[in-house]
Amino acid sequence: MKTIRIIAFMGMISAVAASCGRVSTSENETPWIVDRFDDIKVIRYEVPGFDRLPLQEKELVYYLSEAAKCGRDILFDQNFKYNLAVRRTLETIYEHYVGDRSAAEWTALEKYLKKVWFANGIHHHYSNDKFVPEFTEEYFRTVASSIPDERFGELNDLFETVCDAIFAPSLYPTRLNQAAGEDLLVTSSSNYYEGVTQAEAERFYAAVAAADAGNPEPVSYGLNSQLVKDAKTGRIYERTWKLGGMYSPAIERIVYWLKKAAAVAAEPQKTNIEALISYYETGDLKEFDRYNIGWVKDTVSNVDFVNGFIEDYGDPMGRKASWEANVNFMDKEACHRTEVISENAQWFEDHSPVAPEYRKAKVKGVSAKVITVAMLGGDCYPATPIGINLPNADWIRKEYGSKSVTIDNITYAYDKAAQGNGFTEEFVLRADDRERMDKYGKLADDLHTDLHECLGHGSGQLAQGVKGGELKSYGSTLEEARADLFGLYYLGDPKMVELGLVPSFDVAKAGYARYIMNGLMTQLARIEPGKQVEESHMRNRKLIAEWCYERGAADKVIEWVEQDGKRYVVVNDFERLRALFGELLHEVQRIKSEGDYEAGKALVEQYAVQVDPALHAEVRERYYALGIEPYGGFVNPEFEPVVEDGRIADVKIVYPADYVAQMLDYSKNYSFLPNVN
Ligand code: ZN
C-alpha cells in the first residue's frame, strides 16, 4: 500500500493507481518543463480551483503550506549526516563565485548542485547510489578557495568532510543497501542509525516489542527517532525527533505554522491538527496514532494534508520514517466522474459482453477520491507520488480503514510535460491520431483507469465450485487483462457520451490507438535487450494487442505499416476493434469463471510473452534517441497572503518557473537546522 510512486516513462505516465482528470484547465504561456539536467526533468504544476476556495480554506492552505516547507532540512539530514554541509557549501560557492561561470567544470558543478537539491542529498533519489561529480576535486578546491572564508562561516571546519563526501568513491557509496547477508546499517549511508550495528538495532527493537507484547494497538516503535550508540559507554538509545529533541529547530517552525492552521480549521480537523502538534511536542507515538485515527475518520474536510515522519522506504530495516508533507484539497469535478461510473455500476455489469451466467447479479462500484495538490514538501518534493494511501499502521488500517486518493493535477502536469517531447511524432504515424491523443489522451487514460479500478476488477462472478486461484502464475496477467478489457470496451460505449463523461467516440479512438501501439510496440522500450515480457501489466497489454491484431488481420483492423525504414502500428477500424475487445473479454471472463488453467496458459504463452528481437531493438533505438528524461519532479507554487487591516483578506497563488531560484529561496528562508545534527 503506502504512497504510490511512479516513474514517468515513454513520454507518458505509467500510473499504477486510479486517476481522474479534467478535460481542460486554466493554462498560461509558461512551458510545463522548467528545467532539465542529467536524467531529470523539473515540471511546474497548476492548482486549479484554488481561487474559488473560501477565504478560510485559502488561509488554511497557506499555513499548512508554510509548515510543509519547514521540514526540508530534516530530510536532507535523514538521508545522510553531511548532506546539509554539502548542500550549503555548494550553495555558498554558487552564490559567491565570481570567476568564469561558462567553464565546462562550472557547468558540471552547477549540475551536481541541481542533482543534490533534487535528491535531497548526494545519493540518487531512485537508485540510492552516490552521484559521481563531473568536475575534479582540484577544481572544487580552487573555486572554494577563491571565496572569502567568512562566507563559509562554520562550514570551514567541515570542508574536508564535504570533499570526502563528494569525491571519495569508497565512502558512502549507497544511501540504502538492501543486499541480504551484509550489515545493512553499517553499509547504508542514511542517518537513521549512528554507530549501531544491524544486530544491535534488531535486539533493541525486539526488546521494545517484547515489552509491549499482546498490545492490540502497538505504536510504530522507532518511527520518529535516530538510534544511537554512545561511543564511550556503549549504551544504545533513541534521539527522538520532537520539540526539544533532535531536529527541534525545524520542528519548532512546523509547529508554529500548524498552530496557525489549527486556529482557522473547522472541526474535526482542528482537533486533529492539535493532536499532530501534541505529537511533535512530545514525540509520543500514541499521539501520532490518535492523530492518524482522527485523520482517517475525517472525510468531510475539503482541505487535507500530510505532515510528518510517514514512509519508511529510506531505512534498510523499514522502521524509521522520512519527513514528508503534502497539502491538498478535493477535486470535486474529477470525483464526480468516478461517482457517476460507480452509480451506474449495475448498468455496466448487465450490459457486459461476457456470458450472462458470469455476470454479477448485484454489483457495487468503488468511488475513487481525487485531490488537487497545493504544496509538496520533504520526501514529496521535488519528486512526488501521484497517489496517497495512509495511514501505515496495520492495526489502524484494520480497525479504521485508510484513505486512498489520487492526485490529479500532478498527473496532468506530467502529461502536459510529455507533450512535445517527440514521442508521438516518432511513433504515431497518422496526424489525426496524434491530434486526438494530444486532445483526449489523458481523459482516455483517466477514464480507462477509472473503469478498470472502479468496476473492472469487481465485475463478473465465478462458476459454482470454482474458488479462484486456479489460474496460478497466469492469474495476475489474466486478471489485469480482464479489468483492462472491461475498461477498453466501455470507453467506446455510447453510454459514456450519454453520461456526459466524454464528448464523443474520439476519446475512445485516442485511447485505443495509444493502447494498441503501446501493447504491440512502444512498451518494449522498457524491456532490457534479450529479455522477454515478464511483468503482468505489460503482459496483459501485449496479450490484448496481439490477440486483437491476429483476430482482425484479415480485415486489417490493426495494421503494421513500414515507412522510411521505420515500423508503425495503426488502427484502421475502431468500431471493429471495440467488438474484438468485447470478444476477448468474453473469453477471459470464461477462463476466470471456469478456472480454465490450460486455456489461460495458452493465451498468455501465445500472445503475451515472446518478443520479436528485431522490433525490440528498433523500438529501443528510436525511443532512446529522443533523449527523454526518465525521472520527473516539480517546482511548487507560492502563496502570498494579502493583508488588510492586520488580517488576511485573500491569498494569491503564483507559479514560479525557476527551479534554481526556488531551491535557493527554500535554503535561505526555510532552513533551520545546524550543519550537523
Ligand atoms: Zn488492475
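Shown above is the structure to which this text applies.
The text that follows walks through the structure, step by step, so that each part is easy to find. Just so we're clear, the structure is a prediction, and the values are computed from it rather than from any experiment.

## A short note on the sheet that holds strand 4 (residues 40-44)
Point 1. Strand order in this open sheet of three strands is 3-4-15, and the pairing throughout is mixed. Each edge of the sheet is formed by a strand with only one pairing partner; in this case those strands are strand 3 (33-37) and strand 15 (631-635). Averaged over all pairs of adjacent strands, the angle between strand axes in this sheet comes to 25°, irrespective of strand direction.
Point 2. By the bridge criterion, four bridges tie strand 3 to strand 4 in an arrangement that is antiparallel.

## Observations regarding the coordination of the zinc ion
Put simply, the ideal angle at a metal is 109.5 degrees for four donors in tetrahedral geometry and 90 or 180 degrees for six donors in octahedral geometry.
Point 1. Listed as protein donors to the zinc ion are His-452 (NE2), His-457 (NE2) and Glu-480 (OE); their distances from the metal cover 2.1 to 2.2 Å.
Point 2. Under the relative-accessibility criterion, His-457 is labelled partly exposed at 26%.
Point 3. Residue Glu-480 is classed as buried on the basis of its relative accessible area, which comes to 13%.

## Focus: the state of the cysteines
Point 1. Evaluation of the coordinates by the stated rule reveals zero disulfides.
Point 2. Distance from the sulfur of Cys-70, which forms no disulfide, to the nearest cysteine sulfur (Cys-380) is 15 Å.
Point 3. You can call Cys-70 buried: its relative accessible area is 0%.

## What to know about the pairing of strand 14 (residues 566-571)
Point 1. Here six bridges tie strand 13 (residues 558-563) to strand 14, and the two strands are oriented antiparallel to one another. Across the sheet, residue Val-561 finds its bridge partner in strand 14, namely Tyr-568.
Point 2. The hairpin formed by strand 13 and strand 14 contains two residues between the paired strands, and Asp-564 there has a positive phi angle of roughly 45°.

## Considerations on the pairing of strand 10 (residues 369-378)
Point 1. Within strand 10, nine of the ten residues are buried, leaving the element largely enclosed by the surrounding structure.
Point 2. Both strand 9 (residues 322-330) and strand 10 contribute to a ladder of seven bridges, which runs antiparallel. Of the residues in strand 10, the one forming a bridge with Val-327 is Met-375.
Point 3. Here three bridges tie strand 10 to strand 12 (residues 403-407), and the two strands are oriented parallel to one another. When the bridges of strand 12 are listed, Val-370 appears paired with Thr-406.

## With respect to the pattern of salt bridges
Point 1. For the structure shown, the criterion picks out 39 salt bridges.
Point 2. A salt bridge links Glu-498 to Lys-495; the nearest nitrogen and oxygen atoms lie 3.3 Å apart. Taken together, the positions of Glu-498 and Lys-495, both in helix 19 (residues 494-498) and three residues apart, correspond to about one turn of that helix.
Point 3. Here the residues in one salt-bridge network are Glu-426, Lys-566, Arg-567, Asp-612, Glu-618 and Arg-622, joined through shared partners.

What counts, and at which threshold
- Residues numbered from 1 in each chain as written.
- Predicted model: local features only at pLDDT ≥ 70, side-chain atom pairs only at ≥ 80, totals over all residues.
- Heavy atoms only, no water.
- Pairing = 2+ DSSP bridges.
- Helix = DSSP H or I, 4+ residues; strand = E, 2+ residues; numbered from the N terminus.
- Axes fitted to C-alpha atoms, helices over the stretch in contact; angles between N-to-C directions.
- Donors = N, O, S within 2.8 Å, 3.2 Å for Na, K, Ca; no water.
- Buried < 20%, exposed > 50% of the residue type's maximum accessible area, 1.4 Å probe, protein only.
- Disulfide = S-S within 2.5 Å.
- Salt bridge = Lys/Arg side-chain N within 4 Å of Asp/Glu carboxyl O.

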